[in-house]
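# Tertiary structure, described
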Amino acid sequence: MKLFNVYPLMNVTPVKAKDCILWDENGQEYLDLYGGHAVISIGHAHPHYVQKITEQLNNISFYSNSVHIPIQTELAEKLGKLSGYDDYTLFLCNSGAEANENAAKLASFHTGKDRIIAFNGAFHGRTSGSVALTDNPKIVAPFNAHHKVSFVDYDIDAIKEIIAHGDVAAVIYEPIQGVGGIVLPSDKFVQELRTVCTENDVVLIADEVQCGYGRSGKFFAHQHSNIKADLITIAKGMGNGFPIGGVLISPEFEASYGLLGTTFGGNHLACAAAVAVLDVMEQESLIDNAKEIGEYIGIQLNKFPKIREIRGRGSMIGIEFEFPIATLKNNLLEKHHIFVGYAGTNVIRLLPPLTITKQYVDKFISALETEINIIING
Ligand code: PMP
């Protein structure tokens, strides 16, 4: 049987990885500034992570949500403490799309309404209810057939106008849009949005699947705007490669048996991975590191010509160039053996492991300098 061919592949076969480095089958080393799409938070093959999962595997790797699973409670407590959301509850699932689906569902149950407001350029996952924007080929919203979706710009009046119709359950936003090209609403806009949602009994969902879990230099990226969201969705960096997702749920929401559910969500192994991630984030002060390294990258990048804008927070960085970056991205990989991501045609996206050091950044900066000089000098 062949694989269903839906992913364009880079010509690399990683067979081994450690911290920020990958090796292919020929022993060639690569610097990973992409972390498998923001997934590798504590670095590849961290010893504590390997140990935690191995121990769990030797005890019990899976049993269903019909029994007590103490490691779920351990995870929820650690997450509450580290994120500052102690008073929220946690629903565990398996991916970002699933987390957002459950959040949308909860918002509808809670408000009795069925419209979701999302933002142009957003990406919230791919499921059967996904909505494609006409002016943007990306598939962006995982809401089910029962939800109506309105897309807006960061325009508070447009949002108020839609809410005035009385059918809006939730507004969902990415505190930093990832797939959309590292785009941030202003803190003032987010604060106004919070107020409008509260005044109108509309649920505010922060999709922290890509920008959360320490990447922005705070545990959650929306915390830079000094607000609290009602529902917060997480995945990617949460398991450092082990599939796990979740929804942090405000105390306003009441749980009842059967309201939400999943077979694999919160399984022993995934929770062991997620607990190990939080342990390492705390022990190695990775959130502070993400912030410091982000500032360092910003300063280093400022010296380059041909860059239109540098966006992002902490170690979630978009570098918008004056030219399409496809060749630059390929050259960084093939000539300099550095993995970076992209968004749209002109943006290089950096989503390194949060363990990244200045030494690795310098390697990237020097490679970028070489390539930009080649472009300038022809
Ligand atoms: N939300 C955001 C902000 C994302 O970036 C993604 C994945 N790129 C998703 C949701 C969907 O996550 P998953 O692929 O785990 O379903």
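Before going into details, it helps to say that this report is about the structure given with it. Predicted model only: the values in this text are computed from it and were never measured.

What follows is about the overall build of the protein chain. Counting its secondary structure elements, the protein chain contains 10 helices and 17 strands. In terms of overall size, the protein chain behaves like a compact globule, its C-alpha atoms giving a radius of gyration of 21 Å where 378 residues would be expected to give roughly 21 Å. Seen along its three principal axes, the alpha-carbon backbone of the protein chain occupies a region of about 60 × 55 × 45 Å. Burial status across the protein chain gives 54% buried among its 378 residues. For the protein chain, contacts bridging at least 24 residues in sequence account for 73% of all contacts bridging at least 6. If you sum the accessible surface of the protein chain, you get close to 17300 Å²; carbon and sulfur atoms cover 52% of it. Counting 30 positive and 42 negative side-chain charges, the protein chain places the centres of these two groups 4 Å from one another.

What follows covers the site of the ligand. Around the ligand sit 13 residues in total, of which Gly96, Ala97, Asp207, Gln210 and Lys236 are the nearest. In this structure, Gly96 approaches the ligand through a main-chain N or O atom, which is 2.8 Å from an oxygen atom. Residue Asp207 places a side-chain N or O atom 2.8 Å away from a nitrogen atom belonging to the ligand. Coverage of the ligand by the protein chains reaches 82% of its 390 Å² of free accessible surface. Ranked by residue count, the leading element in the shell around the ligand is helix H4 (residues 96-111), at 3 residues. When the residues that make up the shell around the ligand are grouped by side-chain class, the tally is 3 nonpolar, 7 polar and 3 charged.

All right, on to the layout of surface pockets then. Put simply, the second largest pocket is a space of about 980 Å³. Taken together, 33 residues line the second largest pocket, and the ones lying closest to its centre are Gln72, Leu90, Phe91, Leu92 and Ala255. Listing elements by their share of the lining of the second largest pocket, those giving two or more residues are helix H3 (70-83), strand E4 (89-93) and strand E12 (245-249). In terms of residue count, the dominant contributor to the lining of the second largest pocket is H3 (6 residues). Of the residues that constitute the lining of the second largest pocket, the class distribution is 17 nonpolar, 13 polar and 3 charged.

Summed over all chains, the structure comprises 10 aromatic pairs. Residues Tyr85 and Tyr88 carry aromatic rings whose centres are separated by 4.5 Å and whose planes lie at 70 degrees to one another, so their mutual orientation is edge-to-face. Each member of the pair, Tyr85 as well as Tyr88, carries the same accessibility label: buried. Look at Tyr213 and Phe219: their rings are 4.9 Å apart centre to centre, the planes differ by 55 degrees, and that puts the pair in the tilted class. The exposure class assigned to Tyr213 is buried, which follows from its relative accessible area of 2%. Within the aromatic cluster, the residues linked to one another by ring pairs are Tyr85, Tyr88, Tyr213, Phe219 and Phe220. The ring of Tyr296 has Lys358 lying over it, and the distance from NZ or CZ to the ring centre is 5.1 Å.

Right, let's get into the packing of helix H2 (residues 47-59) against helix H7 (residues 268-283). The interhelical angle for the contact between H2 and H7, taken along N-to-C directions, is 155 degrees, at an axis separation of 9 Å. Judged on the interaxial angle alone, H7 and H2 are roughly antiparallel. For H2 against H7, the interelement crossing comes out right-handed. Contacts between H2 and H7 pair His48, Tyr49, Lys52, Ile53, Gln56 and Leu57 from the former with His268, Leu269, Ala272, Ala273, Val275, Ala276, Val277, Asp279 and Val280 from the latter.

What follows concerns a negative patch on the surface. Together, Asp153, Asp155, Asp157 and Glu161 line one region of the surface with negative charge. As for its placement among the helices and strands, Asp155 is situated in the loop between strand E8 (148-152) and helix H5 (156-163). On the basis of relative accessibility, which here comes to 35%, the residue Asp155 falls in the partly exposed class.

Further remarks concern the pattern of salt bridges. Considering all chains together, one arrives at 14 salt bridges under this definition. Linking Asp114 and Lys148 is a salt bridge whose minimum nitrogen-to-oxygen distance equals 3.1 Å. Here Asp114, found in the loop between H4 and strand E5 (115-119), pairs with Lys148, found in strand E8; they are 34 residues apart in sequence, far enough to count as distant.

This part covers helix H8 (residues 286-301). Taking 1.5 Å of rise per residue, the 16 residues of H8 would be expected to cover 22 Å, and the 22 Å separating its terminal C-alpha atoms lies within 8% of that figure. Of all the residues in H8, the buried ones are Leu286, Ile287, Asn289, Ala290, Ile293, Gly294, Tyr296, Ile297, Gly298, Gln300 and Leu301. Tucked into the core, H8 has its buried residues touching H7, strand E13 (307-313), strand E14 (316-321), strand E17 (347-350) and helix H10 (358-377).

On the secondary structure map, Glu320 appears in strand E14. We classify Glu320 as buried; its relative accessible area is 16%. Reaching out from Glu320, the side chain makes a polar contact with the side chain of Arg311 at a distance of 2.7 Å. Not counting the four nearest positions on each side in its chain, Glu320 is found in contact with Ile307, Arg308, Glu309, Arg311, Asn346 and Val347.

Moving on, we come to the pairing of E13. For E13 and E14, the ladder comprises 6 bridges, and the chain directions are antiparallel. Residue pairing in the sheet places Ile310 in a bridge with Ile319 of E14. Hairpin connection, E13 to E14: the antiparallel pair is bridged by 2 residues, and Gly314 has positive phi, about 55 degrees.

For the structure on display, the rule yields 2 cavities of 30 Å³ or more. By volume, the largest cavity amounts to about 50 Å³. Lining the largest cavity are Ala38, Ser41, Glu208, Val209, Gln210, Gly212, Tyr213, Arg215, Ala235, Lys236, Gly237 and Leu354. Looking at the lining of the largest cavity, its residues break down into 5 nonpolar, 4 polar and 3 charged. Roughly 30 Å³ of internal volume is contained in the second largest cavity. Taken together, Leu33, Ile297, Leu350, Pro352, Ile356, Val361 and Phe364 make up the lining of the second largest cavity. Taken together, the residues of the lining of the second largest cavity sort by class into 7 nonpolar, no polar and no charged.

Rules of the game
Residues numbered from 1 in each chain as written. Predicted model: local features only at pLDDT ≥ 70, side-chain atom pairs only at ≥ 80, totals over all residues. Heavy atoms only, no water. Helix = DSSP H or I, 4+ residues; strand = E, 2+ residues; numbered from the N terminus. Rg over C-alpha atoms; globule rule 2.2 N^0.38 Å. Buried < 20%, exposed > 50% of the residue type's maximum accessible area, 1.4 Å probe, protein only. Contact = heavy atoms within 4.5 Å. Areas by Shrake-Rupley, 256 points an atom, 1.4 Å probe, with all protein chains shown as cover. Lys, Arg positive; Asp, Glu negative; His and termini not counted. Charge placed at Lys NZ, Arg CZ, Asp CG, Glu CD. Near = heavy atom within 4 Å. Polar contact = N/O pair within 3.5 Å; in protein donor to acceptor, adjacent residues only side chain to side chain. Nonpolar A, V, L, I, M, F, W, Y, C, P; charged D, E, K, R; others polar. 1 Å grid on protein atoms, 1.4 Å probe; cavity = no way out; pocket = protein on both sides within 12 Å on 5 of 7 lines; lining within 4 Å. Points joined across faces, edges and corners; volume = space filled by probe spheres on them. Phe/Tyr/Trp six-rings, centres within 6.5 Å; stacked < 30°, edge-to-face > 60°. Lys NZ or Arg CZ within 6 Å of the ring centre and 35° of its normal. Axes fitted to C-alpha atoms, helices over the stretch in contact; angles between N-to-C directions. Parallel < 35°, antiparallel > 145°, perpendicular 65-115°, else oblique. Left-handed = near helix turned anticlockwise from the far one by under 90°. Patch = residues over 30% accessible without salt bridge, like charges linked within 9 Å, V, L, I, M, F, W, Y side chains within 5 Å. Salt bridge = Lys/Arg side-chain N within 4 Å of Asp/Glu carboxyl O. Expected span 1.5 Å × (residues − 1). Pairing = 2+ DSSP bridges.

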